[in-house]
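Commentary on secondary and tertiary structure
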Amino acid sequence: MLTPLGWGTAAASIVLYGAGWWLGYPEPAMLALAGLLAVGGAVVWTLPQPKLEVRREIAPLKVGRGEPSVGVLHVTNTGRGIRGGLTGLDAAGSTEVAVDIPRLRAKGTRTVTYRLPTDRRGEIAVGPLRLVRADPLNLARRVREYGAPQTLLVRPRTVQLGLLPSGRAYHLEGPTSDKSPAGTTTFHALREYVIGDEMRHIHWKSSARTGTLMVRQLVDASLPTTTLVIEGRPEAWADPDDFELAVDAAASVAVGACQANFPVRVLAGGGPVADTRGGPDDAEVVLDQLTKVMPAEGAQPVLDVVRRVRPGGSLVVVTSGTADLSRIAAVRSRFDRIVVLRVRPAESALAAPGVQLIDFSDLEGLANGWQRLGRSR
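Residues numbered from 1 in each chain as written. Predicted model: local features only at pLDDT ≥ 70, side-chain atom pairs only at ≥ 80, totals over all residues. Heavy atoms only, no water.

All right, on to the overall build of the chain then. Across its full length, the chain carries eight helices and 17 strands. Counting only residues that meet the buried cut, the chain has 44% of its 377 residues in that class. Across the chain, every contact between residues at least 6 apart in sequence was considered, and the portion connecting residues at least 24 apart equals 66%. Element-wise, carbon and sulfur atoms account for 55% of the exposed surface of the chain, whose accessible area totals about 20,600 Å². (Helix = DSSP H or I, 4+ residues; strand = E, 2+ residues; numbered from the N terminus. Buried < 20%, exposed > 50% of the residue type's maximum accessible area, 1.4 Å probe, protein only. Contact = heavy atoms within 4.5 Å. Areas by Shrake-Rupley, 256 points an atom, 1.4 Å probe, with all protein chains shown as cover.)

On to the confidence of the model for the chain, then. Of the residues in the chain, 88% reach a pLDDT of 70 or more, and the chain-wide mean stands at 82. The element-level mean pLDDT for the chain is lowest in strand β10 (residues 185-192), coming to 69, with strand β2 (residues 62-64) highest at 94. The low-confidence segment residues 167-184, where pLDDT is below 50, has 16 contacts with residues more than four positions distant or belonging to other chains. (pLDDT = per-residue confidence, 0-100.)

With that out of the way, let us pick up the sheet that holds strand β6 (residues 109-115). Strand order across the open sheet formed by three strands is β1-β3-β6, with antiparallel pairing between neighbours. Two strands close off the open sheet at either side, each with one partner strand: β1 (52-59) and β6. The sheet shows a mean angle of 20° between the axes of neighbouring strands, taken without regard to direction. For β1 and strand β3 (residues 70-77), the ladder comprises eight bridges, and the chain directions are antiparallel. Counterpart to R55 in the pairing with β3 is H74. (Pairing = 2+ DSSP bridges. Axes fitted to C-alpha atoms, helices over the stretch in contact; angles between N-to-C directions.)

Right, let's get into the pattern of salt bridges. Counted under the stated rule, the structure contains 14 salt bridges. The salt bridge partner of E96 is R130, with a shortest N-O separation of 2.7 Å. A residue pair is termed long-range when its members are at least 10 positions apart, and E96 in strand β5 (residues 95-101) and R130 in strand β7 (residues 122-134) qualify at 34 residues. Assessed through its relative accessible area of 43%, E96 is described here as partly exposed. Here R130 falls in the partly exposed class, since its relative accessible area comes to 22%. Across the salt bridge formed by R157 and D248, the nearest N and O atoms sit 3.6 Å from each other. Pair noted here: R157 is in the loop between β9 (150-155) and β10 and D248 is in helix α4 (residues 240-259), with a separation of 91 residues, a long-range link. Overall, the relative accessible area of 0% leaves D248 in the buried class. Each of R65, R121, R157, E244 and D248 takes part in salt bridges that share partners, so that together they form one network. (Salt bridge = Lys/Arg side-chain N within 4 Å of Asp/Glu carboxyl O.)

A surface patch of nonpolar side chains, amounting to about 1,100 Å² of accessible area, comprises I14, Y17, W21, W22, L23, Y25, M30, L33 and L36. Of all elements in the fold, only α1 (4-23) and α2 (26-45) reach the threshold of two or more residues within the nonpolar patch. The dominant element in the nonpolar patch, judged by the number of residues it contributes, is α1, at five residues. Residue class for I14 comes out exposed when judged on its relative accessible area of 57%. (Patch = residues over 30% accessible without salt bridge, like charges linked within 9 Å, V, L, I, M, F, W, Y side chains within 5 Å.)

Among all positions of helix α5 (residues 280-290), only D282, A283, V286, L287, D288 and L290 are buried. In this structure, the buried side of α5 is in contact with β2, β9, β12 (226-230), α4, β13 (264-268) and β14 (271-276).

Taking 1.5 Å per residue as the helical rise, α4 with its 20 residues ought to reach 28 Å, and the 29 Å between its terminal C-alpha atoms agrees with that figure. Counting buried positions over the 20 residues of α4 gives 17, a clear majority of the element. Measuring from the side-chain oxygen of the N-cap residue of α4 to the backbone nitrogen of D241 gives 3.0 Å; that N-cap residue is D239. Downstream of α4 by a residue or two, N261 has a phi angle that is positive, lying close to 65°. (Expected span 1.5 Å × (residues − 1). Polar contact = N/O pair within 3.5 Å; in protein donor to acceptor, adjacent residues only side chain to side chain.)

Right, let's get into the packing of α1 against α2. Contact pair α1 / α2: the axes reach a minimum separation of 8 Å and the direction vectors enclose 155°. Judged by the inter-axis angle, α1 sits roughly antiparallel to α2. At the point where α1 passes α2, the crossing takes the left-handed sense. Along the contact surface, α1 presents G6, T9, A10, S13, I14, L16, Y17 and G20, while α2 presents P28, A29, L31, A32, L33, G35, L36 and V39. Partitioned by chemical class, the residues of the contact of α1 with α2 number 11 nonpolar, five polar and no charged. (Parallel < 35°, antiparallel > 145°, perpendicular 65-115°, else oblique. Left-handed = near helix turned anticlockwise from the far one by under 90°. Nonpolar A, V, L, I, M, F, W, Y, C, P; charged D, E, K, R; others polar.)

Moving on to the nonpolar core. Generally speaking, a soluble globular protein has its nonpolar side chains buried in company with each other. Grouped together as the largest cluster of nonpolar side chains are 40 residues, with contacts concentrated most on L228, V266, L290, V339, L341, L366 and W370. Sorting elements by how many residues they give to this core places α4 first, with 12 residues. Beyond its immediate chain neighbours, meaning those up to four positions away, W370 contacts L161, G162, L164, V253, V316, V339, L341 and I358. (Core = buried A, V, L, I, M, F, W, Y, C linked by side-chain atoms within 4.5 Å.)

Looking now at the environment of R56. Relative to the assigned elements, R56 resides in strand β1. The class of R56 is buried, set by a relative accessible area of 9%. In this structure the C-alpha to C-alpha distance between R56 and V75, which are 19 residues apart in sequence, comes to 8.7 Å. Reaching out from R56, the side chain makes a polar contact with the side chain of D90 at a distance of 2.5 Å. Only 3.3 Å separates the side chain of R56 from the backbone oxygen of A148, close enough to count as a polar contact.

Attention shifts here to the packing of aromatic side chains. Scanning all chains against the criterion turns up one aromatic pair. Relative to F243, the ring of W237 lies with its centre 5.6 Å away and its plane at 75°, an arrangement referred to as edge-to-face. The buried category is assigned to W237, whose relative accessible area is 8%. On the basis of relative accessible area, F243 is assigned to the buried category, the value being 2%. (Phe/Tyr/Trp six-rings, centres within 6.5 Å; stacked < 30°, edge-to-face > 60°.)

Rendered as structure tokens:
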């Protein structure tokens, strides 16, 4: 309850009182009593406790980096009227947002809206609301917390990108050989039967167990996979903003592939991030997972990560401007196409044979380079 000034005042008053009593001077003792009374009055000043109920909303709960999101507090006074209004602090990650709560009559409710910081990607804990009551001399202070915290998900920014051709012809209309009755399709999941489903896809054991007709959902395993690898070593990213831009680029490529219903794998130096079959819902999953990606101590180099990936499809490597591309070119034969997205490269940075390169310093530059690359095939 006591601030450092309050503790200092109390200690100095006790010492001053003892010195006055020991030396027989009443003046220091009276001054010491005044100090102790001031500290005691400060404690009494901070004792009143507003009785509040706080309900929090965040709109929206998921935003791209830099997009607006607001916090909405519904504050209800369950005690006596509050005449002077209150000033609180709402935690938003590592920062605090000042919230002014106007006067509240008994049983009254006020709604307060304020903007949340979204300039950094990540899971942002919002709340609880902290009300600070201090005396005029700042000798004592009492902090009370109200409302349950919530989580704001600040996801990577994205730009619309098309799907690059993989360099091979894939037959998406079914099997191309009579030797495989199921063609290139493989089991993915079970779902409830809907009118129009083929009876041969019904899974009778699951249907008997659940009492509902269940069918096997099949996917075409021959669809070319887009594999994304993000450079995850901290020493490769001197500027944190460059890493943020790299994650934005990876998210843009992944979302474009998912929306085209193609499989996507995402890896970073610390390990797998996402592995999806493709689809609009998978795009949301990838964005949520990329929210948590950060440079990690002990992360493996890009080439070591790539060597553990199943070959085939397109490989997209997102790296810094100082990357050595000659090592990435060593795995060229394992993939149909390799594209390197290089963030703000130095003028002396070199390309590598067999690797398609896009240098960019913002998402608009990425979109332009991606479009040129698509036209080149």
